Amino acid sequence: DVKVTQSSRYLVKRTGEKVFLECVQDMDHENMFWYRQDPGLGLRLIYFSYDVKMKEKGDIPEGYSVSREKKERFSLILESASTNQTSMYLCASSGGRGRNEQFFGPGTRLTVL
Amino acid sequence: GENVEQHPSTLSVQEGDSAVIKCTYSDSASNYFPWYKQELGKGPQLIIDIRSNVGEKKDQRIAVTLNKTAKHFSLHITETQPEDSAVYFCAAVGAGSYQLTFGKGTKLSVIP
């Protein structure tokens, strides 16, 4: 059974803290994605990666960075967390070119106080 | 870039009735249109998808139709059941792209 796991289901951080969200997939997928989900706004793409050490900006990259040192792991980094980054964060992965189906993790609910 | 509009934002139906959710897209080069279901506390899960060379696809009680000329596609759920209650998202992918552009979602409530 395919699986995308995220390091935490719930996370509470303070303004200004550096925050790491980890995502691991066991499907040997080339592509990995980070989204944030907010009520009424749907899923918005923050960053994605189509290969190890490669990254591309999505629609809302400001305030975030990513790291992909290994194929199975994709990390989202909030360099200095702010209250407007309180959200649900979803990680997803998909196979190579031509294989568009994305598999999602369960999400991390991040609250920044 | 691609823009996907989804309607309605909320939908309530009686158990056993049908539900229809509609989406429009802007990029005529888009060629893949998945639908995801998100249950409470879970990540979205693919339930059905359609490619631009097909007009309709069915899987038991769910079906998707695609009108490329009008640039819209729809999800049809027949004989709805309480377990169909969830948030549904449509999405589109442009040719040669990895990136999904999602609609804002439809919260479906099936009333027993």
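Here, the structure is the one placed above.
Note that this is a predicted model, so its numbers are computed, not measured. (Residues numbered from 1 in each chain as written. Chains lettered and ligands numbered in written order. Predicted model: local features only at pLDDT ≥ 70, side-chain atom pairs only at ≥ 80, totals over all residues. Heavy atoms only, no water.)

A. Fine view of unusual backbone geometry. Residue and element names in this part refer to chain B. Cis peptide bonds are those with omega within 30 degrees of zero, and the linkage from H7 to P8 qualifies with -5 degrees. For P8, the position within the fold is in the loop between strand 1 (4–7) and strand 2 (10–14). Phi is positive for K71, close to 55 degrees, though the residue is something other than glycine. For K71, the location among the structural elements is in the loop between strand 7 (62–67) and strand 8 (72–77). Here K71 falls in the partly exposed class, since its relative accessible area comes to 25%. Its identity is not glycine, yet E79 carries a phi of approximately 45 degrees, on the positive side. Tracing the chain through its elements places E79 in the loop between strand 8 and strand 9 (86–94). (Helix = DSSP H or I, 4+ residues; strand = E, 2+ residues; numbered from the N terminus. Buried < 20%, exposed > 50% of the residue type's maximum accessible area, 1.4 Å probe, protein only.)

B. Inspection of the pattern of salt bridges at higher detail. This model, assessed by the stated rule, comprises ten salt bridges over all chains. Note that D49 of chain B and K57 of chain B form a salt bridge whose closest N and O atoms lie 2.9 Å from each other. Residue classification places D49 of chain B among the buried residues on the basis of a relative accessible area of 17%. The partly exposed category is assigned to K57 of chain B, whose relative accessible area is 35%. Linked through salt bridges whose partners overlap, the residues forming this network are D28, E30 and K71 of chain A. (Salt bridge = Lys/Arg side-chain N within 4 Å of Asp/Glu carboxyl O.)

Geometric values such as these leave the question of function open.
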